[in-house]
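The chain contents come next:
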Amino acid sequence: MRKIAIASAAICALIQPAFAKTITVAAGEGAQERLQEALITAQPGDIVELGAGRFPLTDGLSLDVNGVTVKGQGAKETVLDFSNQKGAGEGLLVTSDDVILRDFGVENSKGDGIKSKGADRIVYHKLRVEWTGGPKATNGAYGIYPVESKDVLIDSVVVRGASDAGIYVGQSRNIVVRESIATENVAGIEIENSFDADVHDNIATRNTGGVLIFDLPNLPQMGGHNVRVFDNIIVDNMTPNFAPKGNIVANVPTGTGVMVMANGNVEIFDNLLESNGTTNIMVVGYRFPYQDPKYDPLPRDVVIWDNQHGKAGWDPQFRGGKEIAAAMGGSFPAIFWDGAGGPERAPVISDSVPALSLGLTDISADPATAKPVPLAPSDKRPAALPAIVLPAAMEAAVR
């Protein structure tokens, strides 16, 4: 009997897609109840198809069913409008696996735009998340926000106005962020406490900081590593920092192109970087108090090569930066390392632009005590990190 039961379950799993259905939800009055009901009653394999128009919503939405696709008619044609949201939570929360979100927009959520937690093999495709009033501290923290997940694909999304990060992936592994636009956020794209990520062919512009690769203490997953940042356009990230006080990204200097903090095995190559007033690329340690004995606050094995640099460093916005720039003739170099950890932690740099060490080997040292020295370029670098490979079904979903 046990063998029969197992066989029956296997047969059901195989034939289940044959019974998948499309649940159509029209825009307009009563959208809150109709859309949430569709997300609750959907079964694995179902498509929840949103019609064109605006969906006025007064509360957040949630999806906790595996294998569901939520799709609209386009990122501007189908809009989930949270302008009158009563709570402070996210617009849409996903807590299930094998979900595809595509072709709709989310506007003015009180909290995060779209968040997924513990959602493996999730696809974000052709989405738009926007706070239409522009940069404000009262905007939601994150636009696209997967966390604690394995196999994450963010492809062709647009995010504007997040008071923390437009596109954020945290405590996850096996990640691809590509062909997306992040603008007028505090952080355009942020990979935090994550393993194995490719960030490529994106545009990060008019943010406070374009791309951040961070590792922070006191989190279940630490030791972020194996991150590649390549073939991106990271320009004009000069929006004044509008993060709420106390947020870690409130410390990101206006005018930052790429910032690597306390992360390891990071490759930055073949990017276009220019018009970032503090610097194009900075590599720094975590210089804040922490109590976690397992945490490594130092950057390690960061490699920088073949990037194209334009104007940078004319207005460095960190403590002591203006004084150093003045001593160097009025501008800061396009690449700098704070010196955290000493020579063995120095980044390997082969870009043909000046680079600088601030000489702050002590992680607790005041940046105003910097003793800058040039960083010599290197023509040697470690073996390249492998490209991230996602499950074939995820790639097929965006073709």
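Just so it is clear, the model here is predicted, and its values are computed rather than measured. All chains use their own residue numbering, which begins from 1 and follows the written sequence. Per-residue local features of the predicted model are confined to residues with pLDDT of at least 70, and side-chain atom pairs are confined, for both listing and counting, to 80 or more; whole-chain, interface and lining totals are unaffected and use all residues. Hydrogens and water are ignored here; the side-chain numbers use all heavy atoms of the structure.

Asks: What should I look at first to understand the sheet that holds strand β6 (residues 78-81) in this one?
Replies: Each strand in a sheet pairs with its neighbour through backbone hydrogen bonds, running either in the same direction (parallel) or in the opposite one (antiparallel). Spatially, the 10 strands line up as an open sheet ordered β3-β6-β9-β12-β15-β18-β21-β24-β27-β30, and their pairing is parallel. Both edges of this open sheet fall to β3 (53-56) and β30 (308-309), since each of them pairs with a single strand only. In this analysis, strands are considered paired if DSSP registers two or more bridges between them. For the purposes of this entry, the term helix denotes a DSSP run of H or I that reaches at least four residues, the term strand denotes a run of E that reaches at least two, and both are numbered from the N terminus. As defined by bridge partners, β3 adjoins β6 across four bridges and the pair is classed as parallel. Paired with glycine 53 across the strands is threonine 78, a residue of β6.

Asks: Quick question: what am I supposed to make of unusual backbone geometry here?
Replies: Note: most residues except glycine have negative phi, and most peptide bonds are trans. Located in the positive-phi region is arginine 121, a residue other than glycine, with phi close to 55°. Mapped onto the elements of the fold, arginine 121 is located in the loop between β10 (114-117) and β11 (122-125). Burial classes follow relative accessibility: with a 1.4 Å probe on protein chains only, a residue under 20% of its type's maximum area counts as buried, one over 50% as exposed, and anything between as partly exposed. On the accessibility criterion, arginine 121 (29% relative accessible area) is partly exposed. Unusually for a residue other than glycine, asparagine 218 sits at a positive phi of about 65°.

Asks: Just checking my understanding: could you explain the confidence of the model for the protein chain for this structure?
Replies: The predicted coordinates of low-pLDDT regions are not to be read in fine detail. Residue-level confidence of the predictor, termed pLDDT, takes values from 0 up to 100. Of the residues in the protein chain, 95% reach a pLDDT of 70 or more, and the chain-wide mean stands at 93. In the model of the protein chain, helix α1 (residues 2-15) stands out as the element of lowest mean pLDDT, 39, in contrast to strand β21 (residues 203-205), which has the highest, 99. Contacts: residue pairs with any heavy atoms within 4.5 Å of one another. Across residues 1-16, where pLDDT falls below 50, the model places one contact with residues more than four positions away in sequence or in other chains.

Asks: Help me understand the sheet that holds strand β14 (residues 150-155) in this model?
Replies: Spatially, β1-β2-β5-β8-β11-β14-β17-β20-β23-β26-β29-β32 is the arrangement adopted by the 12 strands of the open sheet, whose pairing is parallel. Taken across any chain shown, the strands that pair with only one partner, and hence form the sheet edges, are β1 (22-25) and β32 (348-349). As paired strands, strand β26 (residues 264-269) and strand β29 (residues 300-305) are joined by five bridges and run parallel to one another. Paired with phenylalanine 269 across the bridge in β29 is tryptophan 305. In this analysis an axis means a line fitted to C-alpha atoms, helices contributing only their contacting stretch, and an angle means the value between N-to-C directions, from 0 to 180 degrees. Of the strands in this sheet, β1, β2 (47-50) and β5 (69-71) touch helix α2 (residues 31-41), which is tilted by about 170° from β1.

Asks: What exactly am I supposed to notice about the pairing of β11 here?
Replies: Successive side chains on a regular strand alternate, one facing one side of the sheet and the next facing the other. Neither face of β11 is left uncovered, since the one carrying Ile122 and Tyr124 and the one carrying Val123 and His125 both have all their residues buried. The pairing of strand β8 (residues 100-102) with β11 spans three bridges and is classified as parallel. Pairing of isoleucine 100 across the sheet is with valine 123, part of β11. Pairing of β11 with β14, which is carried by four bridges, proceeds in the parallel orientation. Across the sheet, residue histidine 125 finds its bridge partner in β14, namely aspartate 155.

Asks: How should the pairing of strand β16 (residues 165-170) be read in this particular structure?
Replies: Where burial is concerned, most of β16 is hidden: six out of the six residues are buried. Across three bridges, strand β13 (residues 142-147) lies against β16 in parallel orientation. If you follow tyrosine 142 over to β16, its bridge partner there is alanine 165. Sheet topology note: the β16/strand β19 (residues 187-192) ladder contains five bridges and is parallel. Of the residues in β19, the one forming a bridge with alanine 165 is alanine 187.

Asks: Help me understand the packing of aromatic side chains in this model?
Replies: Any two aromatic rings considered together are summarised by their centre-to-centre distance and by the angle between their planes. Under the pairing criterion, centres of Phe, Tyr and Trp rings, with the six-membered ring standing for Trp, must be within 6.5 Å; the plane angle then separates stacked pairs below 30 degrees from edge-to-face pairs above 60, leaving the rest tilted. Evaluation of the coordinates by the stated rule reveals 12 aromatic pairs. An angle of 45° between the planes, with centres 4.6 Å apart, marks the rings of tyrosine 142 and tyrosine 168 as tilted. Of this pair, tyrosine 142 sits in strand β13 while tyrosine 168 sits in strand β16; the two residues are 26 residues apart in sequence, bridging distant segments of the chain. The burial state of tyrosine 142 is the same as that of tyrosine 168; both residues are buried. Ring centres 5.3 Å apart and planes at 25° place the aromatic pair phenylalanine 318 and phenylalanine 336 in the stacked group.

Asks: Sorry, what's going on with the pattern of salt bridges here?
Replies: Two side chains of opposite charge can pair, provided their charged atoms sit close to one another. We define a salt bridge as a contact between a side-chain nitrogen of Lys or Arg and a carboxyl oxygen of Asp or Glu at a distance within 4 Å. Overall, the coordinates contain 18 salt bridges when judged by the stated rule. Across the salt bridge formed by arginine 160 and glutamate 130, the nearest N and O atoms sit 2.7 Å from each other. Taken as a pair, arginine 160 in strand β15 (residues 158-160) and glutamate 130 in strand β12 (residues 128-130) lie far apart in primary sequence, 30 residues in all. We classify arginine 160 as buried; its relative accessible area is 19%.

Asks: Would you mind showing me how to read the environment of isoleucine 154 here?
Replies: Note on placement: isoleucine 154 falls in strand β14. Remark: the alpha-carbon pair of isoleucine 154 and arginine 287, spanning 133 residues in sequence, is separated by 30 Å. Those residues in contact with isoleucine 154, other than ones at most four positions away along the chain, are Tyr124, Ile144, Pro146, Ile167, Val169, Val176, Val177, Arg178 and Ser180.

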